[in-house]
Amino acid sequence: MGAGREVAISLDRVRDKNVMQLKKLNTALFPVRYNDKYYADGLASGEFTKLAYYSDICVGSIACRLEKKEGGAIRVYIMTLGVLAPYRGVGIGTRLLNHVLDLCSKQSIPEIYLRVQTNNEDAINFYKKFGFKITETIKNYYTNIDPPDCFVLTKFITPSQAKK
C-alpha cells in the first residue's frame, strides 16, 4: 500500500443511513450471517461501532455491544472487527481497536472481551498485542463452520491504560 506515504484512514459512526455498508463488509469478511439484533446492538452502542475508510473507500469496521453485568458494571463485547484483505497491515484494525479501547478508558469501562474461532491465529495474535488474554474456551460455539470452538479473549482496563 505504498510504504512511506501517509495513509488516509478515517472512522465514521454507523447510523441507519450507512448500516448497509456494515452489512456488506460482514458478508465479505465473516463466515457467519448476522441477525437484526446484531445491527440493532451496533447502532445502539453509538461511538463503539465504527466504519473505517481508506482514502474514502469503506474497508473495515468494528461493531460492539455494551453489556450490563451483575452489580451494574458495564463491559464491552466486540461482536466483530474486520478489515478487507487488501487493506490489512496498514494500521486500520489497530486504529479501530484503539478507538474502542480509548473510549473504554475515558468512560471507565473496565472490561472488554470478544470471541474468536480457535484456529484464527492472526486474530488471536493481533488481540494479544493489545493485552488481551485467552480466558475461556467454548466448545461447539459456532454452527456450520469448522472448527466450531471459540476462545474468549478478555482485557481488563484501568482508566489510564487503554493502549498497551
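Since the model is a prediction, treat every value here as computed from it, not as a measurement. (Residues numbered from 1 in each chain as written. Predicted model: local features only at pLDDT ≥ 70, side-chain atom pairs only at ≥ 80, totals over all residues. Heavy atoms only, no water.)

Colleague: Tell me about the nonpolar core, and please be specific about residues and values.
Modeller: The nonpolar side chains of soluble globular proteins are, as a tendency, buried together. Grouped together as the largest cluster of nonpolar side chains are 32 residues, with contacts concentrated most on I78, I92, L97, I112, Y127 and F132. Those elements that place two or more of their residues in this core are β2 (50-54), β3 (57-68), β4 (74-83), α3 (92-106), β5 (111-117), α4 (121-129) and β7 (150-156). It is α3 that contributes the most residues to this core, seven residues altogether. Setting aside residues up to four positions removed in sequence, Y127 forms contacts with I78, L81, L97, L114, F132 and L153. One finds L25, L29, A63 and Y113 within the second-largest nonpolar core, a separate group that totals 16 residues. (Core = buried A, V, L, I, M, F, W, Y, C linked by side-chain atoms within 4.5 Å. Buried < 20%, exposed > 50% of the residue type's maximum accessible area, 1.4 Å probe, protein only. Helix = DSSP H or I, 4+ residues; strand = E, 2+ residues; numbered from the N terminus. Contact = heavy atoms within 4.5 Å.)

Colleague: Explain the pattern of salt bridges to me, and be specific about the residues and the numbers.
Modeller: Evaluated as defined, the whole model comprises nine salt bridges. Among the ionic pairs, K50 bridges to E47, the shortest N-O distance being 2.7 Å. Residue E47 is classed as partly exposed on the basis of its relative accessible area of 32%. E111 is paired through a salt bridge with R75; the nearest N and O atoms lie 3.3 Å apart. Of this pair, E111 sits in strand β5 while R75 sits in strand β4, and the two are 36 residues apart along the sequence. A residue is classified by how much of its surface remains accessible, and R75, at 22% relative accessible area, is partly exposed. When salt bridges with common partners are traced through the structure, they connect K37, D41, R65, E67, K69, R75 and E111 into a single cluster. (Salt bridge = Lys/Arg side-chain N within 4 Å of Asp/Glu carboxyl O.)

Colleague: Quick rundown of the state of the cysteines? Include the residues and the values.
Modeller: Enumeration according to the criterion identifies zero disulfides in this entry. A disulfide-free cysteine, C58 has its sulfur positioned 15 Å from the sulfur of C64, the nearest such atom. The thiol of C104 is unpaired, and the distance to the nearest cysteine sulfur, on C64, comes to 7.4 Å. (Disulfide = S-S within 2.5 Å.)

Colleague: Report on the UniProt feature "domain: N-acetyltransferase" (unreviewed entry) in the protein, specifying residues and quantitative values.
Modeller: UniProt marks residues 9-158 with the feature "domain: N-acetyltransferase" (unreviewed entry), using the numbering shown here. The span residues 9-158 carries 29% helix and 35% strand; its end-to-end C-alpha distance comes to 27 Å. (UniProt positions renumbered as here; feature names shortened; annotations may be inferred.)

Colleague: I'd love a proper account of the pairing of β5, names of residues and values included.
Modeller: Counting buried residues in β5 gives six out of seven residues, a clear majority hidden from the surface. As judged from the three bridges shared by β4 and β5, these two strands associate in the parallel manner. Following the sheet pairing, V76 is matched in β5 by I112. Where the polypeptide runs from β4 across α3 and back to β5, its parallel neighbour, the crossover connection is right-handed. Examined bridge by bridge, β5 and β7 share seven bridges and lie antiparallel to one another. Counted as the bridge partner of L114 is L153 from β7. (Pairing = 2+ DSSP bridges. Right-handed = clockwise from strand over helix to strand, strands pointing away.)

Colleague: Explain helix α1 (residues 19-29) residue by residue, including any values.
Modeller: An α-helical turn contains 3.6 residues, so any two residues separated by three or four positions project in the same direction. Listed in full, the buried residues belonging to α1 are V19, L22, L25, N26 and L29. All buried residues of α1 project into a common sector of 115° when viewed along the axis, lining one side. Looking at α1, the residues exposed on the side facing more than 90 degrees away from the buried face are K24 and A28. Lining the buried residues of α1 we find α2 (36-44), β2, β3 and β4. (Arc of directions from axis to C-beta.)

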